[in-house]
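Single-letter residue listing:
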Amino acid sequence: MSATPLPQGRLEQQLEDGKPLYTEGEAVAEAHRCLFCHDAPCITACPTGIDIPRFIRKIGTGNLRGSAQTILSANLLGYSCARVCPVEVLCAGACVYNAWERTPIAIGRLQRYATETLFAQGEAGTLLPRAAANGKRIACVGAGPASLAAAGYLALEGCEATVFDRNPLPGGLNTTGVAPYKMPAEGSLREFEFLASLGVRFEGGVEVGRDVPAAKLLADHDAVFLGPGLGGDTTLAIPGAEGAGVQGATAWIERMKLDPTASLAGVTRAIVVGGGNTAIDAARELAQLGVAEVSLLYRRTQADMSGYAHELEAARAEGVRFVERAVPAAFVRENSVLKALRLSDGREFPCELVVLAIGQASLAALAQAFPDVATDAKGRIVVDAETGATGNAKVWAGGDATGGELVVTGVQDGKRAARAIAKALGIPVRDDAPMLAGHGTVRT
Amino acid sequence: MADLSIDFAGIKSPNPFWLASAPPTNTGEQIMRAFDAGWGGAVWKTLGEPVVDTSSRFGAIEVGGQRMVGFNNIELITDRPLEVNLREIREAKRRYPRHAVIVSLMVETQDDWRTIIQQVEDTGADALELNFGCPHGMCERGMGSAVGQEPEVLKTVAGWAVESASIPVLVKLTPNIGDILEPGVAAVEAGAHGLSLINTIKSITGVDLDRMVPYPVVGERSTNGGYCGPAVKPIALHMVAALARDPRVTIPISGIGGISTWRDAAEFIALGASSVQVCTAVMHRGFRIVEDLCDGLSHFLDSKGMRSVAELRGKALGAYVEWGDLDLSYKVSAHVDPAKCIGCELCLVACRDASVDAIHTGPVPLAAGHVAATRDQAIARAAGSGVHVTWVDETACTGCNLCSHLCPVPGCITMKDVTGGKPFESWNDRIAKGTHKAGHHG
Ligand SMILES: Cc1cc2nc3c(=O)[nH]c(=O)nc-3n(C[C@H](O)[C@H](O)[C@H](O)COP(=O)(O)OP(=O)(O)OC[C@H]3O[C@@H](n4cnc5c(N)ncnc54)[C@H](O)[C@@H]3O)c2cc1C
Ligand SMILES: Cc1cc2nc3c(=O)[nH]c(=O)nc-3n(C[C@H](O)[C@H](O)[C@H](O)COP(=O)(O)O)c2cc1C
Ligand code: SF4
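Everything numeric in this text was worked out from a predicted model, so none of it was measured. (Residues numbered from 1 in each chain as written. Chains lettered and ligands numbered in written order. Predicted model: local features only at pLDDT ≥ 70, side-chain atom pairs only at ≥ 80, totals over all residues. Heavy atoms only, no water.)

What follows deals with the environment of Ala393(A). Mapped onto the elements of the fold, Ala393(A) is located in the loop between helix H16 (364–368) and strand S13 (395–397). Residues Ala393(A) and Ile105(A), spaced 288 residues apart in sequence, show a C-alpha to C-alpha distance of 43 Å. (Helix = DSSP H or I, 4+ residues; strand = E, 2+ residues; numbered from the N terminus.)

Structure below.
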């Protein structure tokens with residue numbers, strides 16, 4: 001759909017789409033399997049409350065435009081969510097077919113079909129009518145899913161909404177982090193074009209707090225939404241940690257996705273340390289990129305992992321070796337070249353690359369640059385659960401920076417904050433405003 | 001956004017979607033909830049002398065896992081006291097003044113008609129619908145389809161109603177007749193203001209082979225019922241179109257029968273219906289289906305640049321002609337997409353066993369002088385993949401299009417126009433020119 005600014009020759013381009021776009025016949029056949037349940041559990045399970053049976057029925061009747069409208073009004077990032085949501089534990093996990101031991105409806109794939117088809121027709125920009133300009137200026141810090149949702153919903157109601165990101169590309173982790181077999185960076189940029197068509201403005205390469213002081217952002221805007229996500233990868237304070245061959249997971253994934261100079265030359269054995277979804281993603285990516293031996297080392301047992309069981313299963317199917325009770329003690333180096341990772345029990349795992357997926361720092365310092373915005377002990381911005389309001393009457397927040405963990409929860413945070421901001425600024429919200437769709441529809 | 005509102009013989013409705021007289025319109029509570037859900041109008045479950053119904057009373061056809069493709073009932077008219085219905089009609093109309101409230105009636109004598117029409121008009125209802133269609137139970141009592149099947153009787157009874165009524169009278173027709181024009185024209189001649197069709201088709205859905213009782217089973221017995229649902233749409237579409245294009249039918253038509261989606265509705269409207277009514281699809285999935293009926297129709301009208309439902313009405317009628325006026329020069333031929341074919345060979349066997357053996361797979365020889373544009377590609381892909389990719393001898397193909405209907409892969413078999421500029425010539429043209437003798441066809 002667009003001339004993307006992304007360079008060619010990126011490692012992520014070697015990975016295949018795990019769930020390719022349905023053809024029309026596939027989509028219609030799958031749509032007809034949907035029972036169109038009343039009070040459907042899938043809707044409850046979707047954090048943004050998309051009316052799933054409704055959008056699926058519209059695919060079945062050939063009303064694709066109405067289908068995409070249904071999706072995107074409740075979830076402006078319904079396209080990326082369709083591709084990256086862990087549907088197994090969300091909507092599809094709640095499908096009534098599960099109780100019947102039958103395959104649940106492929107909700108994510110149907111959602112992708114409806115939105116991607118409309119994007120491809122170049123008609124997405126006309127799907128959701130915009131209200132007239134109201135003169136209100138909104139700044140969103142970070143151009144990840146949370147900020148983009150907040151900005152998009154407010155732009156639709158006539159605000160001038162700008163997202164600032166220190167990264168030159170918009171999309172947050174949708175662009176820099178999610179597994180390419182779910183969605184390569186192009187998908188995220190294509191979605192941003194849709195948001196831009198709703199009026200969202202993007203200021204890339206601008207770090208708030210450094211390039212633009214918090215005070216100036218507050219002075220220039222009627223409201224500020226903080227969606228900066230999390231900070232850098234946590235490191236391991238053990239001998240040998242410094243030096244080549246040891247990388248943080250999000251940093252490595254970002255290079256794998258976006259940097260054409262990133263390479264796995266000489267890597268035949270790689271180790272990923274961690275037990276969350278980022279760790280499993282990194283391990284799967286390494287295996288799919290052809291690293292012969294990929295081991296996922298976790299300090300406790302499978303039962304304690306925060307990563308999804310279905311993801312671990314997929315990783316194992318792809319040849320990833322999973323090692324429980326593995327506590328790293330030292331990186332073994334010869335002439336500073338990484339040779340192995342030694343565990344506290346003395347076992348050694350020979351390797352050329354170790355990827356550390358043991359957590360990310362918080363961006364508490366950025367939050368604290370905004371007066372009266374409080375953070376908790378873990379560095380998460382403290383917000384009102386209903387509205388995303390912070391202690392500063394002009395500042396709202398959401399997404400990973402407030403404890404979120406998924407794209408879709410970030411979107412819902414952004415939508416809720418948009419509703420609250422509209423109310424606080426006295427912006428008239430249309431009865432059929434997209435921001436009112438989905439869960440928690442409290443009239444403003 | 002296209003305007004969905006309609007004016008049907010003076011009956012105003014915010015959209016063309018009405019609930020048909022049936023279980024979903026049994027009570028005021030249901031009808032008001034349906035209006036909230038988005039239905040533009042509702043035809044109240046037929047009023048008359050309250051009846052006793054059986055248990056069970058529905059039969060259904062399942063096709064390949066799709067439930068209720070055809071539906072059958074042996075239910076009678078309302079089983080609720082008249083006063084209760086009248087009170088609820090009044091309330092529904094008072095609370096939903098912009099929606100169409102139409103009341104279906106079925107009584108016996110002229111006095112009965114006069115009395116009940118007066119009572120219904122007192123409620124403020126917008127119109128009446130005369131149920132001359134019910135094919136079971138009521139007809140044995142000289143009502144329902146017993147009236148609808150006798151044009152002269154229909155004309156008399158409808159005439160009584162028209163005479164007594166000051167609001168529009170719609171006559172609901174039964175499809176259980178030889179020629180729908182006869183009762184349709186009789187209703188027009190009786191002064192009716194609109195036609196509704198179809199009611200249900202006499203049917204038995206199946207037999208319980210263990211109990212040796214047809215469905216639906218009522219104790220140790222059963223009876224024939226009325227068939228409806230998606231399976232009856234083609235019959236209904238034809239009857240609506242046949243009436244709509246007849247110059248004697250000067251009154252609007254409310255199309256009924258198998259409507260489940262906005263596409264179905266658009267087809268009825270394109271063949272001349274001014275409003276549509278829905279029963280089985282609501283019994284299957286609830287009032288909420290109206291959301292996509294409206295949304296889908298509205299997007300469709302927008303996409304065709306039509307600003308109102310009225311612009312769509314009858315758009316396909318002009319193309320519905322007698323067989324003798326079809327273009328015999330027009331020729332299509334089947335085209336199997338070699339990239340899409342999955343090698344099931346259903347097309348091949350169908351063409352061989354039921355048509356002209358024009359579809360082949362592999363390097364079988366092509367008759368001299370025949371054209372088969374995809375033959376080489378199909379053979380190459382079959383050789384490389386083991387998939388029995390089929391190809392069409394276009395010269396042998398008669399363009400019957402059987403294969404395109406049965407192919408399981410969407411878009412794999414298409415019919416290509418190979419008329420090649422041959423001028424239009426119909427059967428009637430040939431008769432006129434004397435190149436053919438008038439005779440039998442079809
Ligand atoms: C490797 C990985 C894989 C994931 N896979 C999935 C998945 O498959 N499905 C899923 O649902 N979730 C996944 N997640 C989680 C998901 O990506 C996040 O929950 C989601 O992106 C959070 O959105 P956000 O808007 O809060 O923050 P982010 O997406 O993190 O975006 C924050 C943005 O703010 C910018 N920023 C930060 N500070 C500043 C500043 N001072 N000035 C300007 N800009 C700033 C950052 O550059 C970043 O672009 C994954 C996460 C990771 C790390
Ligand atoms: C259970 C049932 C009861 C019905 N009762 C009536 C009735 O009382 N009066 C009437 O005019 N039609 C009645 N009908 C016929 C419907 O109004 C309608 O004409 C028919 O079902 C075709 O539409 P459909 O295919 O959408 O169901 C009934 C249909 C069903 C299934
Ligand atoms: S729908 Fe089922 S539960 Fe309800 S009355 Fe009929 S048979 Fe009984």
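Moving on, there is more to tell.
All names here are of chain A. Reading across the sheet, the five strands line up as S3-S2-S1-S4-S13 and stay open at both edges, with parallel pairing between neighbours. Strands at the two margins of the open sheet, each flanked by one partner only, are strand S3 (201–204) and S13. The mean angle between the axes of side-by-side strands here comes to 20°, regardless of whether they run parallel or antiparallel. Sheet analysis places strand S4 (residues 223–226) next to S13, joined by three bridges and oriented parallel. (Pairing = 2+ DSSP bridges. Axes fitted to C-alpha atoms, helices over the stretch in contact; angles between N-to-C directions.)

Residues and elements named next belong to chain A. Looking at ligand 1, there are 32 residues lining it, with Val84, Asp165, Lys182, Val208 and Asp400 nearest. Val208 is positioned such that a nitrogen or oxygen atom in its backbone is 2.9 Å from a nitrogen atom of ligand 1. About the coverage of ligand 1: the protein hides 93% of its 990 Å² of free accessible area. Classifying every residue of the shell around ligand 1 gives 15 nonpolar, ten polar and seven charged. Two domains share the shell around ligand 1, each providing at least three of its residues, namely domain 2 (137–231 + 362–436) and domain 3 (246–356). (Near = heavy atom within 4 Å. Polar contact = N/O pair within 3.5 Å; in protein donor to acceptor, adjacent residues only side chain to side chain. Areas by Shrake-Rupley, 256 points an atom, 1.4 Å probe, with all protein chains shown as cover. Nonpolar A, V, L, I, M, F, W, Y, C, P; charged D, E, K, R; others polar. Domains from an automatic or database assignment.)

Turning next to the site of ligand 2. Residue and element names in this part refer to chain B. The immediate surroundings of ligand 2 are formed by 24 residues, with Ser21, Thr46, Lys172, Gly258 and Thr280 found nearest. Note that an oxygen atom of ligand 2 is positioned 3.0 Å from one of the backbone N or O atoms of Ile198. Between an oxygen atom of ligand 2 and a main-chain N or O atom of Cys279, the distance comes to 3.0 Å. Burial of ligand 2 by the protein chains amounts to 98% of its free accessible area of 610 Å². The set of elements that each furnish at least two residues to the shell around ligand 2 consists of strand S4 (41–47), strand S6 (66–73) and helix H9 (280–285).

Moving on: the nonpolar core. Ranked by size, the top nonpolar core spans 98 residues in total, and within it Trp39(B), Leu47(B), Val171(B) and Leu297(B) carry the most contacts. At seven residues, helix H7 (residues 233–244) of chain B tops the list of elements feeding residues into this core. Those residues in contact with Trp39(B) that lie beyond four places of it in its chain are Asn15(B), Phe17(B), Trp18(B), Leu19(B), Ala34(B), His99(B), Val278(B), Val282(B), Phe287(B), Ile289(B), Val290(B) and Leu293(B). Core analysis: the next-biggest nonpolar cluster, separate from the first, contains 79 residues, Tyr22(A), Leu128(A), Ala143(A) and Phe194(A) among them. (Core = buried A, V, L, I, M, F, W, Y, C linked by side-chain atoms within 4.5 Å. Buried < 20%, exposed > 50% of the residue type's maximum accessible area, 1.4 Å probe, protein only. Contact = heavy atoms within 4.5 Å.)

So far we have only geometry, and geometry alone does not tell us how the molecule works.
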